[in-house]
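As a plain string of letters, each chain reads:
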Amino acid sequence: MQYWDPRIETMPQEKLHEMQYRLLKNLVYRLYSFSPFYQQRMKEHGVHPDDICSLSDMKKLPFMRKQDLRDNYPDGLIFYDHEELVRYHVSSGTTGKPTVVAYTARDIDNWTISLARALSSTGLSRGDVIQVSYGYGLFTGGLGLHYGAERIGAIVVPTSVGNTERQIELMQDLRVTAIACTPSYLLHIGEVAERMGISIKDDTLLRKAIVGAEPWSEKMRERIESWLGIKAYDIYGTSELSGPLFSECEAQAGFHVWSDFMFTEILDPDTDEPVLPGVKGELVVTMLQKEGLPIIRYRTGDITAMEAGICSCGRTHPRLQRLSGRVDDMLIIRGINVFPSQIEHTLLGIKEVGEHFMIEIDRVNSLDDMLVRVEITPLAFSDKIPDLIHIRKNIENQLKNQLNVSVRVELAEPGSLPRFEGKAKRVIDKRSM
Amino acid sequence: MEKESYLIKQVSLFSENKPGRLATMAKAFLDEGINIKAFSIAEADGFGVIRVLVDKTREAYDKLAELGFNVAYTDVIAVIMRDEPGGLYEIAQTLANASINIEYSYAYSGKDKAVLILRVDHVEEAIEHILNAGFNLVRQQEFL
């Protein structure tokens, strides 16, 4: 087993918790003393750094939300002196004002170390050639992976996104062994390569992909791995936390969250109470060592679950499951939490329907009514009505088993449902109108 | 006995039950100069299946597929009926006696003949029993 920093990565959990407590205590004192924003927040919330006497006292601290970053655009939350900063990244403002993240030299270094550990845990090392096909620039993906890959001694091919044919040529010519990109771009590369008469599996040396920055599923992993003949590892991070930070190890059993950098809470989005391992909730994070933009109890809006037990790789740090949705996307149907991603996951396993779907919610006789519209594939089309009704019933049953709430299914013609570029808006909720 | 020569390729298409779908199909046939010989719509809750027999089957299939319709070929048979009371009964009883199930059926009655179009579970047996009972079947090329 290959560790980047075995002392930290395999440290007993009690020791990690002690370390986290010391870092937390230090952080809240510093922020209370020197950050007007945090001091005011803590006072409003009736908590003083003296009240933090154990890690479980974390719950006394106020939450921080994306809106706080937007409200303080551009630099209201930036904590260090201007002269100490070495970089800004800016997240796109698709859902509001952009947010700015500032980095000190130590922030960049910790970010790089976090990724060096992550990349090493996927089995990458010196001699590997890593193509970074995340965007370089204001987005954190490209530069983050670039620094991490260089730190482990790999050779970086900084292709960024776009010009896919050239990317594939370089992948062959420079004997690329790993790629970092979004899952959809990886599939696109596979398709373009096929059109060029190149099999990623047989005609390149690619064997690993570090995949993230957009939602994907286990089914997609299976497809990527069997089709392209590589192993795909999930990676997680958002710009507020620095950028991509954590990935799965070779066991592919959830991404390892380095406890010395981040304290992880998984909370029920309705009650804000912690949930048990294996139960889905909102990821709430505290960055224990960040300087430029401190982050305490930040509600990521991402839904995930903690894996129980210690990983077979021997790393003692907690593992989180691949994100299964966004809190904002959560629907409450007859009192049950439903995520569109669960519907997507179920539909992917049903061969008679395509991957596109729409959800319509209405209230009928004061009861919530959920309709899922799916496209029937040409292969599954039978001109016998009972066959079609049987297909529909089967989809309804599978969705009900997955969601624990009954769903009506409507069969739609292929190509008739809306296609989305970028963020999909698959839910029409008529209840609020 | 070439039973297969009596199989007729019907074009079936899946349609959502909403205004304009039939018109879209019909317009496509107009544009391609395709003539409809027989036609039916079966509807379920929220969707339907349109079934047509046309003079230019291949062109109809390709055009509808190109328009994005979910379309399929289905083998049916077409039996000439006596156009008088009891015409349908004779054929239905012949199939019933042979324990052949009719999955669906539609018919047309023109000035020279009446034709019953049948989709059955055991098509070869059905053809045999119908011919043995003295009925005539229409071949695909007779639709041209």
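Within each chain, residues carry numbers counting from 1 in the order of the written sequence. Here chains are named by letter from A upward and ligands by number from 1 upward, in the order in which they appear as written. Predicted model: local features are reported for residues with pLDDT of at least 70 only, side-chain atom pairs are reported and counted for 80 or more only, and whole-chain, interface and lining totals are derived from all residues. Excluded from the side-chain calculations are hydrogens and water; all other atoms, namely the structure's heavy atoms, are used.

**Overview of the domain arrangement of chain B**
Residues and elements named next belong to chain B. Per the annotation, domain bounds derive from an automatic or database assignment of domains. Looking at the assigned domains, one finds that chain B contains domain 1 (6–75) and domain 2 (76–143). The gap between the C-alpha centroids of domain 1 and domain 2 is 22 Å. Contacts are residue-level and defined by heavy atoms, with any inter-residue pair within 4.5 Å sufficient. Contact residues are listed per partner, giving 16 residues for domain 1 and 16 residues for domain 2. By convention, the term buried area covers the 1.4 Å-probe accessible surface removed from two parts as they join, with the contributions of both added. Here domain 1 meets domain 2 over a buried area of about 1600 Å², counting both sides, of which 61% is carbon and sulfur. The three residues of domain 1 that bury the most area against domain 2 are Tyr 6, Leu 7 and Ile 8, which together make up 44% of that side's buried surface. For this document, the term salt bridge refers to a Lys or Arg side-chain nitrogen within 4 Å of an Asp or Glu carboxyl oxygen. For the pair domain 1 and domain 2, the interface holds 0 salt bridges. Polar contact is defined as a pair of N or O atoms within 3.5 Å, subject to the rule that within protein one atom must be able to donate a hydrogen and the other to accept it, and that residues adjacent in sequence are counted only when both atoms are side-chain atoms. Our count for the domain 1 to domain 2 interface comes out at 7 residue pairs in polar contact (both at pLDDT 80 or more). Segments assigned H or I by DSSP are reported as helices when at least four residues long, segments assigned E as strands when at least two residues long, and all are numbered from the N terminus. Going through the elements one at a time, β1 (8–16), β2 (36–43), β3 (47–54) and β4 (70–81) are the ones with two or more residues in the side of domain 1 that touches domain 2.

**Some details on the domain arrangement of chain A**
Residues and elements named next belong to chain A. Each assigned domain of chain A is listed here: domain 1 (1–327) and domain 2 (331–429). The C-alpha centroid of domain 2 is placed 32 Å from the C-alpha centroid of domain 1. On the side of domain 2, 7 residues touch domain 1, which itself brings 7 residues to the contact. Both faces considered, domain 1 and domain 2 share a buried interface measuring about 650 Å² in area, 61% of it formed by carbon and sulfur atoms. Counting the surface domain 1 buries against domain 2, the share from its top three residues, Lys 219, Asp 270 and Ser 324, is 50%. On the surface where domain 1 and domain 2 come into contact, there are 0 salt bridges. The nonpolar class holds Ala, Val, Leu, Ile, Met, Phe, Trp, Tyr, Cys and Pro. Asp, Glu, Lys and Arg form the charged class, and all remaining residues, Gly among them, are polar. For the side of domain 1 that touches domain 2, a count of residues per class yields 1 nonpolar, 3 polar and 3 charged.

**Quick word on the nonpolar core**
If you look at the biggest cluster of nonpolar residues, it comprises 58 residues, and the most contacted ones within it are Leu61(A) and Leu241(A). Take the buried Ala, Val, Leu, Ile, Met, Phe, Trp, Tyr and Cys residues and link them wherever side-chain atoms come within 4.5 Å; each set so joined is a nonpolar core. Only protein chains enter the area calculation, which uses a 1.4 Å probe; residues under 20% of their type maximum are buried, those over 50% are exposed, and those in between are partly exposed. If you look at the next biggest cluster of nonpolar residues, it comprises 32 residues, including Ile333(A), Leu388(A), Leu403(A) and Phe47(B).

**Some remarks on the packing of helix α2 (residues 13–34) of chain A against helix α3 (residues 36–44) of chain A**
Residues and elements named next belong to chain A. As a packed pair, α2 and α3 sit with axes 6 Å apart at the nearest point and diverge in direction by 105 degrees. Between α2 and α3, the angle is such that the two are roughly perpendicular. Note on element contacts: α3 touches α2 through Pro 36, Tyr 38, Gln 39, Met 42 and Lys 43, opposite Val 28, Leu 31, Tyr 32 and Phe 34. Looking at the contact of α2 with α3 residue by residue, the classes come out as 7 nonpolar, 1 polar and 1 charged. Fitting a line to C-alpha atoms yields each axis, with helices limited to the stretch in contact; the angle taken between N-to-C directions then spans 0 to 180 degrees. Comment on the angle field: the value is read as roughly parallel under 35 degrees, roughly antiparallel over 145, roughly perpendicular from 65 to 115, and oblique elsewhere.

**Here's the deal with the side chain of Asp128(A)**
All names here are of chain A. With respect to the helices and strands, the residue Asp 128 is situated in the loop between α5 (105–121) and β3 (129–132). You can call Asp 128 buried: its relative accessible area is 5%. Among the polar contacts made by the side chain of Asp 128, one reaches the side chain of Arg 207 at a distance of 2.6 Å. Not counting residues within four places of it along the chain, the set of residues in contact with Asp 128 comprises Gly 123, Ala 154, Ile 155, Thr 177 and Arg 207.

**Things to note about the state of the cysteines**
Residues and elements named next belong to chain A. Pairs of cysteine sulfur atoms within 2.5 Å are what we label disulfides. For the coordinates displayed, the defined rule picks out 0 disulfides over all chains. For the unlinked cysteine Cys 249, the closest cysteine sulfur is that of Cys 311, found at 3.7 Å. Note on Cys 311: no disulfide assigned, nearest cysteine sulfur contributed by Cys 313 at a separation of 3.5 Å. We classify Cys 311 as buried; its relative accessible area is 6%.

**Let's talk about the pattern of salt bridges**
All names here are of chain A. Throughout the structure, instances matching the rule amount to 42 salt bridges over all chains. The residue Arg 299 makes a salt bridge to Asp 272 at a minimum N-O spacing of 3.0 Å. Here Arg 299 is found in strand β12 (residues 298–304), whereas its partner Asp 272 is found in the loop between β10 (262–267) and β11 (281–287), with 27 residues between them in sequence. A salt bridge links Arg 363 to Asp 368, with the nearest nitrogen and oxygen atoms 3.0 Å apart. Where salt bridges share partners, they join Glu 218, Arg 221, Glu 248 and Arg 322 into one cluster.

**Let's talk about the interface of chain B and chain A**
Counting residues at the interface gives 23 residues for chain B and 16 residues for chain A. Approximately 1600 Å² of surface area, both sides summed, lies buried where chain B meets chain A, with 55% of it carried by carbon and sulfur atoms. Considering only the surface of chain B that becomes buried against chain A, Phe14(B), Glu16(B) and Asn70(B) emerge as the three largest contributors, covering 39% of it. A salt bridge links Glu103(B) to Lys384(A); the nearest nitrogen and oxygen atoms lie 3.4 Å apart. Inspection of the region where chain B meets chain A yields 13 residue pairs in polar contact (both at pLDDT 80 or more). When residues of the side of chain B that touches chain A are traced back to their parent elements, those giving at least two are β1, β2, β3, β4 and β5 (102–109) of chain B. In terms of residue count, the dominant contributor to the side of chain B that touches chain A is β1(B) (6 residues). In terms of residue class, the side of chain B that touches chain A is built from 10 nonpolar, 6 polar and 7 charged.

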